[in-house]
Every structure is written in structure tokens, then in C-alpha cells.
Amino acid sequence: MMDLLQEQLFQLALVAALLVGLCAPAVGTFIVQRRLALLGDGIGHVALTGVALGFLTGTTPVLTAVIVSVIGAVAIELVRARGRTSGDVALALLFYGGIAGGVMLMGIAPGGSNAKLNSYLFGAIASVTPQDIWVIAALAVAVIAVVVIFGRELFVLCQDEEMARASGLPVRFLSLLIAVTAALTVVIAMRVVGLLLVSALMVIPVATSQQLTRGFRTTMGLAMLFGVLASVGGLLASTYSAKVPPGAAIVLLALVGFVLALGVGRFVRRGRTTQESTVSERPKMPVEEAA
């Protein structure tokens, strides 16, 4: 293990896994609370167009993916907010348009082939470069800063949009902020778990944490911990076995954690219910005897 830690490729992959494990569940907590669990999937498909645009223009695919993802996230939020198209239909438009745009642009890119998209579709954490780490780190800092600075306002918005509006909060700005932050998170995670699986890392750790906790902050903190454990565990599994894809291993580990938390949560709630029913059924002492 010590020899492995001294290898630069593993060090870069480990940093990427840690950043993704922290950011994805942090943003995912707000998305799940707002019942937009599939938002990450929609943005991920749009990011595919951004990646292909990077190959077409000869620029960095990660940067073009950021630009296109942010534009797509803003567009979907504006369409949803104006009520002309329901949220699920708007997400479907992102799905289909993103895939079609990515395949078309990659087809006309010089020397382009759809095979080059595989590392972005399914993740290629072992091929992360120092330049990728700098970009991922910068995006991760931006995401965490948004969560820290606007966490209270975003919580109110996700709980009840009408109450947030009545409280004088800038609902439109905060809604766009969630969408843009989700877009940045998708780009952060695409080199680790891939665009097709990135939404899973944003949702599953949060769902796992909800089985064990009730408070919003506790749920987010525990979800970030589960995200880190799944990311690092999947990385180690793919490192020790070349046949194990890292993205799939990360998501499957997250699913195993959810199943375990589901069982533990049910056991704890059953014990709590039994204890409360026992206390309520206990006969009360007469006033004279109690005195």
C-alpha cells in the first residue's frame, strides 16, 4: 500500500476521488431535497456535447464541458421556472439533445471517433493528468464555497419554494445557483465515474444518509462521508484488479452502502417504535401513590 501511495498516477487518482466524493453528495443533498434527482443525468448528457465540442475545436474538453453544462443547466431551470414545460419533459430534452449533439460533433471532429468519448461516458480515473486535477480542484472549491456561503438559503428554498419567496429570498437566483453548481459537479465527476453514472454518486450517498439521520446538516455531512468511502473504495478495487472499472465499482459500493443503511435504519426505527409503545402502555401511578 505504501508503494502504491508513492506512485504519481495513484496520487492524482486519489485526489480526484476525494474531491468528487465530497462535492457530489454535498450538491446532491439539495437536489434530492428538491426532488430533482435526475438533474445530474440531464446535465451529464449535455456535458457530452461539451466534451465533443472540445475535440472539435482542439481545446480542453473539460473546459468546454463546463461552459456547455452551465448553459444547459441555466436553460433547463428557466424553462422549468416559467412553467411552459414540466420538469421531466425538460430533462428529457436535455437527455436526447445532449447525446445527439455529442455524437454528431464527435463525428465531424478531425480524427474524432465515438470511442474517444468512452473515457468521459464511463470514467477513466487512472488517466487523470495534473492539469485535470487543477481544473477539478478549482471547480471543487467553487462548489464547496457555494454550499458554505448559501447553504442556509438553499435549504429554505429546497424545503418550500413559496416560503422562501415569502421570506424575501432571491428564489430565481438561488434556483439558478443550484443548477449551475450541479453542472460544475457533473464536470468534476465525469473523469472519475463517467457522465452516465455521475448522477448516482450525487443521489445514492444522500439516500443512504437519509436512512440513518433526520437533520439536514447531519444528512449532508454523512452523505459526504459515504461519497468519499465509495470513491476511494472503488478506486482501490480498480487499482488491485485491472478488470474492475472504477466508475462502476464506485457506484456499486455506494449501492451496497445504501442496502446496509436501509437495514440498519429499519432496525433502529423498529426498536424506537417498540420502546415508545412500551412506555405509552405502561400503567400510570395514581396521584396518591406518586406523591
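The rules behind these values
Residues numbered from 1 in each chain as written. Predicted model: local features only at pLDDT ≥ 70, side-chain atom pairs only at ≥ 80, totals over all residues. Heavy atoms only, no water. Helix = DSSP H or I, 4+ residues; strand = E, 2+ residues; numbered from the N terminus. Contact = heavy atoms within 4.5 Å. Areas by Shrake-Rupley, 256 points an atom, 1.4 Å probe, with all protein chains shown as cover. Salt bridge = Lys/Arg side-chain N within 4 Å of Asp/Glu carboxyl O. Buried < 20%, exposed > 50% of the residue type's maximum accessible area, 1.4 Å probe, protein only. 1 Å grid on protein atoms, 1.4 Å probe; cavity = no way out; pocket = protein on both sides within 12 Å on 5 of 7 lines; lining within 4 Å. Points joined across faces, edges and corners; volume = space filled by probe spheres on them. Phe/Tyr/Trp six-rings, centres within 6.5 Å; stacked < 30°, edge-to-face > 60°. Axes fitted to C-alpha atoms, helices over the stretch in contact; angles between N-to-C directions. Left-handed = near helix turned anticlockwise from the far one by under 90°. Nonpolar A, V, L, I, M, F, W, Y, C, P; charged D, E, K, R; others polar. Expected span 1.5 Å × (residues − 1). Core = buried A, V, L, I, M, F, W, Y, C linked by side-chain atoms within 4.5 Å.

### Digging into the overall build of the protein chain
Then, in step 1: Tallying secondary structure elements over the protein chain gives 13 helices and zero strands in all.
Then, in step 2: Across the protein chain, helices and strands are ordered from the amino to the carboxyl terminus as α-α-α-α-α-α-α-α-α-α-α-α-α.
Then, in step 3: Put simply, 74% of the contacts in the protein chain that link residues at least 6 apart link residues at least 24 apart.
Then, in step 4: Of the roughly 14,800 Å² of accessible surface on the protein chain, a fraction of 67% belongs to carbon and sulfur atoms.

### With respect to the pattern of salt bridges
Then, in step 1: As enumerated under the stated definition, the model contains one salt bridge in all.
Then, in step 2: Taking the shortest distance from any N to any O, the salt bridge between E162 and R165 comes out at 3.4 Å. Of the two residues, E162 and R165 both sit in helix α8 (residues 161–166), three residues apart, roughly one turn of that helix.
Then, in step 3: Using a relative accessible area of 41% as the deciding quantity, one classes R165 as partly exposed.

### A few points about the layout of surface pockets
Then, in step 1: The calculated volume of the largest pocket comes to roughly 260 Å³.
Then, in step 2: In terms of lining, the largest pocket is formed by 13 residues, of which the most central are V147, G151, R152, F216 and R217.
Then, in step 3: Taken together, the elements giving at least two residues each to the lining of the largest pocket come down to α2 (8–33), α7 (130–159) and α11 (216–240).
Then, in step 4: Counting residues per element, the lining of the largest pocket draws most heavily on α7, at seven residues.

### Observations concerning the packing of aromatic side chains
Then, in step 1: With the rule as written, the count across this model stands at three aromatic pairs.
Then, in step 2: On the basis of an interplanar angle of 50° and a centroid distance of 5.4 Å, the ring pair of F30 and F216 is categorised as tilted. Taken together, the residues F30 in helix α2 and F216 in helix α11 connect sequence positions 186 residues apart. By the burial criterion, F30 is buried, and F216 matches it.
Then, in step 3: Aromatic pair F150 and F173: ring centres 5.9 Å apart, planes at 65°, arrangement edge-to-face.

### Structural notes on the packing of α7 against helix α9 (residues 171–189)
Then, in step 1: Running from N to C, α7 and α9 cross one another at 145°; their axes reach a closest spacing of 9 Å. The hand of the α7/α9 crossing is left-handed. Contacts between α7 and α9 pair I136, L139, A140, A142, V143, V146, F150, E153, L154, L157 and C158 from the former with V171, F173, L174, S175, L177, I178, T181, L184, T185, V187 and I188 from the latter.
Then, in step 2: Here the residues of the contact of α7 with α9 are counted per class, giving 18 nonpolar, three polar and one charged.

### Focus: helix α3 (residues 39–57)
Then, in step 1: Compared with an ideal rise of 1.5 Å per residue, which puts 19 residues at 27 Å, α3 spans 27 Å between its outermost C-alpha atoms and is within 8% of the ideal.
Then, in step 2: The buried count for α3 comes to 15 of 19 residues, which makes it a mostly enclosed element.
Then, in step 3: G58 sits one or two positions beyond α3 and adopts a positive phi of about 75°.

### Overview of the nonpolar core
Across soluble globular proteins, nonpolar side chains have a tendency to be buried as a group.
Then, in step 1: In this structure, I31, I188, M190 and M202 are the most contacted members of the largest nonpolar core, which totals 76 residues.
Then, in step 2: Ranked by residue count, the leading element in this core is α2, at 13 residues.
Then, in step 3: Apart from the residues within four sequence positions on either side, M202 is in contact with A24, P25, V27, G28, I31, V32, G40, A182, T185 and V186.

Taken by themselves, the reported measurements are silent on function.
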